[in-house]
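So the chains spell out like this:
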Amino acid sequence: AIAPASPALPIGEVDASAAGARPTGLDELDRVLGGGLVPGAVVLLAGEPGVGKSTLLLEAGTHAAEAGPVLYITGEESAAQVRLRADRIGAVAGNLYLAAETDLASLLGHVAVVRPQLLIVDSVQTITMEGVDGAPGGVSQIRAVTAALIAVAKQHALTTVLVGHVTKDGSIAGPRALEHLVDVVLHFEGDRHAQFRIVRALKNRYGPTDEIGCFDLGEQGITELPDPSGLFLTHRRNAVPGTCVTVTLEGRRPLLSEVQTLVAPSTLDIPRRVTSGLDASRVGMVLAVLSRRADLKLGKQDVYAATVGGVRLGEPSVDLAVALALASAVVNLSVPSSVVAVGEVGLAGEVRRVTGVQRRLAEAERMGFRLAIVPAGSGAADSAAKSSAGGIEVREAEDIREAMAAAFGC
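Residues numbered from 1 in each chain as written. Predicted model: local features only at pLDDT ≥ 70, side-chain atom pairs only at ≥ 80, totals over all residues. Heavy atoms only, no water.

Enquirer: Is there a simple way to explain the pairing of strand S4 (residues 118-122) in this structure?
Expert: Moving residue by residue along a regular strand, the side chains alternate between the two faces of the sheet. Judged by how many residues are buried, S4 sits mostly within the fold: 5 of 5 residues are covered. Because side chains alternate across S4, one face comprises the buried residues Leu-118, Ile-120 and Asp-122, and the other comprises Leu-119 and Val-121, equally buried. Judged from the 5 bridges that link them, strand S2 (residues 70-74) and S4 form a sheet pairing that is parallel. Residue Thr-74 lies in a different strand from S4, and its bridge partner there is Asp-122. (Buried < 20%, exposed > 50% of the residue type's maximum accessible area, 1.4 Å probe, protein only. Helix = DSSP H or I, 4+ residues; strand = E, 2+ residues; numbered from the N terminus. Pairing = 2+ DSSP bridges.)

Structure follows, in structure tokens:
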């Protein structure tokens, strides 16, 4: 038998100070990471092209450079191109080192010279390892390069962030083993035509996976959004038919979002069904429920449904707001601007309960809403009645017809 390098210890005697997280300087990113970056941790940050991954990491690297050297390796751009972006967003620091490399041996040479506390590799698909078959970005190369970088990170307690590409369906490119090898997997998402961005954790060995970080990407770089709810609401004096506000849960964070719909007579044999920011299959299901359970005539109508601000709403709790917005557009009656609706709609027309109703109502009340339509049996009405603030009225609805009556005051 081979003698171990260090003896096994009772878990209570293991020193955990070496695994303490260091803040990145971006509170929203620290929220997702569970407090910051852990020495020796390997983080994979994935996202679509142009979403702002490099900008986010330049900002984080600039803040981290205040505590020690940071090495930024770019394999997709020249060093001069990255410097121009850094000048534009104000991400220039004396301890932030920059190199353009695509060879793993040269990359490790820079690590040996700079001895950074944080290594950023943008992106792992562009780095090649000599002696390994395959083109850059291929399965063999990605697996070998990642394994080598992880070994260096663990040996030298070097925090490493790897930028990864995504495929057309939004999943992380490369072998599935890549996600299992790293300690943290973050997904940076958002509509590239809008400014709102979300960082969410898909895997985190050092913190929760139900938190999100919210950012605004503009010409001057990336800005944190600790209170993003107001971004997804249209601020108008008078309510307009075809709109309804809902409260979704992104991780643990409640966000108010507005659903907008438009229904118009179709000139086509097959009417249009167009969605933006919503799950098209769920919108189609809600249309069928309204036609069958609420007697609304939608069969020969073009239907358009979208969200405000480019936010994507895939949670089933959005169903009720979509249904009320569509019903509002059909009957040409406005849902009052002080109303929010939360609930999942079933095929029988029932309104099903959803999680986190109290958190959703608290956020709606904080934003000034006065009436909430929620599923029956949520217990929200009793809690609201006992609330000392008493600023929001709660009406429970068992089915879509009761929800429409509550929304339109019928």
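There's more to say after this.
Enquirer: What exactly am I supposed to notice about helix H9 (residues 357-366) here?
Expert: Those residues of H9 that fall on the buried side of the exposure criterion are Val-357, Arg-360, Leu-361, Glu-363 and Ala-364. Mapping the buried residues of H9 onto a view down its axis gives an arc of 160°, with all of them on the same face. Just downstream of H9, Gly-368 is the residue with a positive phi angle, here 95°. (Arc of directions from axis to C-beta.)

Enquirer: Would you mind going over helix H3 (residues 79-89) with me for this structure?
Expert: In an α-helix, one turn spans 3.6 residues, which is why side chains three or four residues apart end up on the same side. Of the positions making up H3, those classed as buried are Val-82, Arg-85, Ala-86 and Ile-89. Within H3, the buried residues cover an arc of 100° as seen down the axis, which keeps them to one side. Exposed residues on H3 whose side chains face more than 90 degrees from its buried face are Ala-80 and Leu-84. Against helix H2 (53-64), S2, strand S3 (96-100) and strand S9 (221-224) lie the buried residues of H3. Of the residues trailing H3, Gly-90 is marked for its positive phi of about 75°. (Contact = heavy atoms within 4.5 Å.)

Enquirer: Got a minute to help me understand the sheet that holds strand S7 (residues 196-204) in this structure?
Expert: Consider a sheet: its strands pair through backbone hydrogen bonds, and that pairing is either parallel or antiparallel. One open sheet holds the 9 strands; their spatial order is S3-S2-S4-S5-S1-S6-S7-S8-S9, and the pairing between them is mixed. Two strands bound the open sheet, and with one partner strand each, they are S3 and S9. Each adjacent strand pair in this sheet contributes to an overall mean axis angle of 25°, direction not counted. The sheet strands contacting helix H4 (residues 104-114) are S2, S3 and S4, and the helix crosses S2 at an angle near 165°. Against the sheet, helix H5 (residues 139-156) engages strand S1 (42-47), S4 and strand S5 (159-164), with an angle of about 160° to S5. (Axes fitted to C-alpha atoms, helices over the stretch in contact; angles between N-to-C directions.)

Enquirer: Would you mind going over the pairing of S1 with me for this structure?
Expert: The element S1 is largely enclosed, with a buried count of 6 among its 6 residues. Taking every second residue as pointing to the same face, both faces of S1 are buried, with Val-42, Leu-44 and Ala-46 on one and Val-43, Leu-45 and Gly-47 on the other. The pairing of S1 with S5 spans 5 bridges and is parallel. Paired with Val-42 across the strands is Thr-160, a residue of S5. Sheet topology places S1 next to strand S6 (residues 184-189); 5 bridges connect them, and they run parallel. Looking at S6, one finds that Leu-45 is bridged to Leu-186.

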